[in-house]
Amino acid sequence: MMDNNPEECSVCFNNYDDTLLRPRTLPCGHTFCSQCIDNAIKNGQLNCPSCRAQHTATAATQFLINYGMEALIRKLKGMEVVPVTTVPTKPNKAPTRGISKKLRSMVEEQKSSISSLITSCEEVLSQLGEYRGQLGDWKTQHLQLQDRLYALVEQNKSAMKLLELEDTSVVDMTTQGEEGKTQLQAMLGSLDTVNTAQEVGTTIDTADECSMEVEDWVQKCQELFPDVNTVHTSVKVQETIREALEMTTTETGATADPVHLGDSDSSIMNKVKEITGEIPQKEITVEDLRRMREPVKSLVEAGRVVAVMSLVEAGRVVAVQEDQDGRRSARITLQDGQLYLHPLLPQPTPAHAHTLQESDVVGVLDPSCTLAFLDLGWAGSTRGRVTIRLTPDTPLARQFVLLCTGQRGHTFRNTKLLEVRYKVQPGEYVVGGDYESNDGKGGAPLLPDLWGRYRGSGQAGAVASGWRPGGPKSAQFVIATRDRQAGQQWPYVFGDVVSGLDVVRAAVNHSDITEVTVVDCGVVLPL
């Protein structure tokens, strides 16, 4: 049905404005005011009032402002004002007598010039309005970031308060210990000077009492220190703040590098896109990612490729997949010259992100060999990346890729390592991969037939199935951390660790293997 009042929100029927009622467009394509979107969000979910499509969101600011709608509204308002502020023209008026054709031509030329200038003025005013809307959006984002920074500061204050309390307790116990030590030293001196049986008895009784007090002090220190909550909170807050600071690209007080904006006739918003690194008009393709692997000279000459690299480094390039379960997205990151595809997750696509189809990205994987990765973490931080060379001509390896990329909806992300077998013995290995129940009881196969020609291996670093292919737990995997005894092999091997075996061994030595988590996973893009 045609919307006869595009300047109105179809929920509250109020006219859009540039404050509380800014028009914002949902991923399904429908537009509503910011206030109605905020009111409709419940438990992190938003159902579109028009088509009932479900979107994940916590605030209206997560959706893009419809700048085109704002420009249309400004134009409509301008058309309403024109009849009041301008002198009405008199159509079909006969040319004024007494003015020569040359003068009339000059008048018409001047009128045409003024009309053209008015059009240019309107275009620039529209651009200024759009730019102002973008500035308002950025101000909102800065306020949100400021709130998060304040929250970090408060967490830091709380951690420092805990440390101060712990330090005070340590000082008190240290004082008690010094006093006990002094008393014990005095007892040694007294025992050296006793001369009678009565003095011996009295001194020994006193020494026993002093010794008991010091022994109690030692036991109390062992029970009190360290305070687990204090230490864990301090380390966690430090890591969180450090990560936030490492993500900062411009130091406080520093000025941004100058940016050449090219043609001065370029529109205001196109210049904004140049400054922010967005690529107007043409979308990113897999070919753009391939060109990122070319020699440095080619990258310097190809400004577009350099821009694509900047977008990838900024986390603004994602692969997307849409199916009956909705839209999911996966990050593409650049690290040490390698492009990594992370798992598809049911999360909103980041604002201003450039997207590629997941099928196009996965389609570039080498059919003869694939590199997958698992990031392992424990005690609140990521400890390292494990890179595994797979052989996709085996069904188990293809299944492993599916669980690293999340193409079938399931992923190894946030799964625990389950157990260590033969610890500190030949053939030691660790088990993981229960994407279903995360306790070792699940891990059903994703492919209908997992039987194939598998090799055996007795070497550390082998990646294999811990169960017969096709069994109810055949998505679980094992990683060998020690060689097996001569003549023994693991069957159903479908990959080998090429880097990060030290990370797996460190996980094996952790006090509780079930605290070790696959915090992230994915595949290397061989572009």
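Refer to the structure presented above.
These figures come from a predicted structure and were not determined experimentally. Numbering of residues begins from 1 in every chain and follows the order in which that chain's sequence is written. Reporting of local features is limited, given that this is a predicted model, to residues whose pLDDT is at least 70; pairs of side-chain atoms are given and counted only at 80 or more, and all residues count toward the totals for whole chains, interfaces and linings. By convention in this description, side-chain values take in all heavy atoms of the structure and omit both hydrogens and water.

**Student:** Just give me the short version of the pattern of salt bridges, but keep the residues and values in it.
**Tutor:** We define a salt bridge as a side-chain nitrogen of Lys or Arg found within 4 Å of a carboxyl oxygen belonging to Asp or Glu. Evaluated as defined, the whole model comprises 10 salt bridges. For Lys 157, the salt bridge identified is with Glu 154, shortest N-O distance 3.7 Å. Here Glu 154 and Lys 157 lie together in helix α3 (residues 101–193), a separation of 3 residues that amounts to about one turn. Overall, the relative accessible area of 45% leaves Glu 154 in the partly exposed class. Labels follow the DSSP assignment, with helices taken as runs of H or I lasting at least four residues and strands as runs of E lasting at least two, numbered in each case from the N terminus. Buried means the residue's accessible area, taken with a 1.4 Å probe over protein chains only, is under 20% of the maximum for its type, while exposed means over 50%, and partly exposed covers the values in between.

**Student:** Help me get a handle on the pairing of strand β16 (residues 477–480), residues and values and all.
**Tutor:** The alternating pattern of β16 places Phe 477 and Ile 479 on one face and Val 478 and Ala 480 on the opposite face, and all of these are buried. Taken together, the 3 bridges between strand β15 (residues 462–465) and β16 define a ladder with antiparallel strand orientation. Paired with Ala 464 across the bridge in β16 is Val 478. Any two strands are treated as partners once DSSP identifies two or more bridges connecting them.

**Student:** Account for helix α4 (residues 197–224), with residues named and values stated.
**Tutor:** With 28 residues, α4 extends 41 Å between its outermost C-alpha atoms, agreeing within 8% with the 40 Å of an ideal straight helix rising 1.5 Å per residue. All of the buried residues in α4 are Thr 203, Ala 207, Cys 210, Val 214 and Cys 221. Residue count minus one, scaled by 1.5 Å, sets the expected span of a helix.

**Student:** Give me the lowdown on the packing of aromatic side chains, citing residues and values where you can.
**Tutor:** Ring geometry is summarised as follows: Phe, Tyr and Trp rings, the Trp one being its six-membered ring, pair when their centres sit within 6.5 Å, and such pairs are stacked at plane angles under 30 degrees, edge-to-face over 60 and tilted between the two. For the structure on display, the rule yields 9 aromatic pairs. Each ring, one from Tyr 429 and one from Trp 490, has its centre 6.4 Å from the other, and the planes form 85 degrees; the classification is edge-to-face. Residue Tyr 429 is found in strand β13 (residues 429–432), and its partner Trp 490 is found in strand β17 (residues 490–499); the two are separated by 61 residues along the sequence. Here the two residues Tyr 429 and Trp 490 agree in accessibility, since each one is buried. Pairing Tyr 454 with Tyr 492 gives two aromatic rings, centres 6.2 Å apart and planes at 85 degrees, and the pair type is edge-to-face.

**Student:** Run through the environment of Arg 24, naming residues and quoting values.
**Tutor:** Within the fold, Arg 24 resides in strand β1 (residues 23–25). In this structure, the C-alpha to C-alpha distance between Arg 24 and Ile 65, residues 41 residues apart in sequence, is 4.3 Å. We call two residues in contact whenever any of their non-hydrogen atoms come within 4.5 Å of each other. The residues contacting Arg 24, other than those within four sequence positions of it, are His 30, Thr 31, Phe 32, Ser 34, Ile 37, Ala 60, Thr 61, Phe 63, Leu 64, Ile 65, Asn 66 and Asp 137. By the criterion applied in these results, polar contacts are pairs of N or O atoms within 3.5 Å in which, for protein atoms, one can donate a hydrogen and the other can accept it, and in which residues neighboring in sequence qualify only through two side-chain atoms. At a separation of 2.8 Å, a polar atom in the side chain of Arg 24 contacts the main-chain carbonyl oxygen of Phe 63.

**Student:** So what's going on with the nonpolar core? Which residues, and what values?
**Tutor:** The set of buried Ala, Val, Leu, Ile, Met, Phe, Trp, Tyr and Cys residues whose side-chain atoms join them within 4.5 Å is what this entry labels a nonpolar core. One finds Ile 332, Leu 341, Leu 374, Leu 376, Phe 400, Phe 412 and Phe 494 to be the most contacted residues of the largest nonpolar core, which totals 52 residues. With 7 residues, helix α11 (residues 395–405) is the largest single contributor of residues to this core. Those residues in contact with Leu 376 that sit more than four places away from it in its chain are Thr 382, Arg 383, Gly 384, Val 386, Leu 417, Val 503, Val 504, Ala 507, Val 516, Thr 517, Val 518 and Val 519. One finds Tyr 16, Phe 32, Phe 63 and Ile 73 within the second-largest nonpolar core, a separate group that totals 16 residues.

**Student:** Can you tell me about unusual backbone geometry, naming the residues and giving the values?
**Tutor:** Put simply, Phe 225 and Pro 226 share a cis peptide bond, and its omega is -5 degrees. Looking at the secondary structure, you find Pro 226 in the loop between α4 and α5 (228–246). One non-glycine residue, Asn 414, adopts positive backbone phi at about 70 degrees. Here Asn 414 is to be found in the loop between α11 and β12 (417–421). For Asn 414, a relative accessible area of 46% puts it in the partly exposed group. Despite not being glycine, Val 424 has its phi angle at roughly 60 degrees, a positive value.

**Student:** Can you lay out a nonpolar patch on the surface for me, pointing to particular residues and giving the numbers?
**Tutor:** Every patch collects residues that have over 30% relative accessible area and no salt bridge, joining them within 9 Å if they carry like charges and within 5 Å if they are nonpolar side chains (Val, Leu, Ile, Met, Phe, Trp, Tyr). Surface accessibility follows the Shrake-Rupley procedure with a 1.4 Å probe radius. Residue values consider only the protein chains on display as shielding. Residues Ile 99, Leu 103 and Met 106 make up a contiguous nonpolar surface patch of roughly 260 Å² in combined accessible area. By the element assignment, Met 106 lies in helix α3.

**Student:** Account for the side chain of Gln 476, naming residues and giving values.
**Tutor:** Here Gln 476 shows up in the loop between β15 and β16. Take Gln 476: its relative accessible area is 4%, and that puts it in the buried class. Within polar-contact distance, the side chain of Gln 476 engages the backbone oxygen of Gly 440 at 3.1 Å. Only 2.7 Å separates the side chain of Gln 476 from the backbone oxygen of Gly 442, close enough to count as a polar contact.

**Student:** Now, about helix α12 (residues 501–508): what can you tell me, with residues and values included?
**Tutor:** Along α12, the residues that are buried comprise Leu 501, Val 503, Val 504, Ala 507 and Val 508. Down the axis of α12, the buried side of the element spans an arc of 155 degrees, and every buried residue falls inside it. Where the residues of α12 are buried, they touch β10 (370–378), β11 (381–390), β12, β13, β16 and β17. An arc is given here, and it is the one of the directions from the helix axis to the C-beta atoms.

**Student:** Hey, could you go over the sheet that holds β1 for me, with residue numbers and the actual values?
**Tutor:** Pairing is antiparallel in the open sheet, where 3 strands are placed in the order β2-β1-β5. Each edge of the sheet is formed by a strand with only one pairing partner; in this case those strands are β2 (31–33) and β5 (64–65). Sheet topology places β1 next to β5; 2 bridges connect them, and they run antiparallel. When the bridges of β5 are listed, Arg 24 appears paired with Ile 65.

**Student:** Tell me about the state of the cysteines, residues and numbers included.
**Tutor:** When the sulfur atoms of two cysteines come within 2.5 Å, that pair is taken as a disulfide. Evaluation of the coordinates by the stated rule reveals 0 disulfides. Cys 48 supplies the cysteine sulfur nearest to Cys 28, a cysteine that is in no disulfide, at a spacing of 3.6 Å. There is no disulfide at Cys 36, and the cysteine sulfur nearest it, in Cys 33, is 3.4 Å away. By relative accessible area, Cys 36 is classed as buried at 13%.

**Student:** So what's going on with the pairing of β17? Which residues, and what values?
**Tutor:** Sheet topology places β11 next to β17; 4 bridges connect them, and they run antiparallel. Bridge assignment links Arg 389 to a residue of β17, and that residue is Asp 496. In this structure, β15 lies alongside β17, joined through 3 bridges in antiparallel fashion. Looking at the pairing, Ala 462 lines up with Asp 496 of β17.

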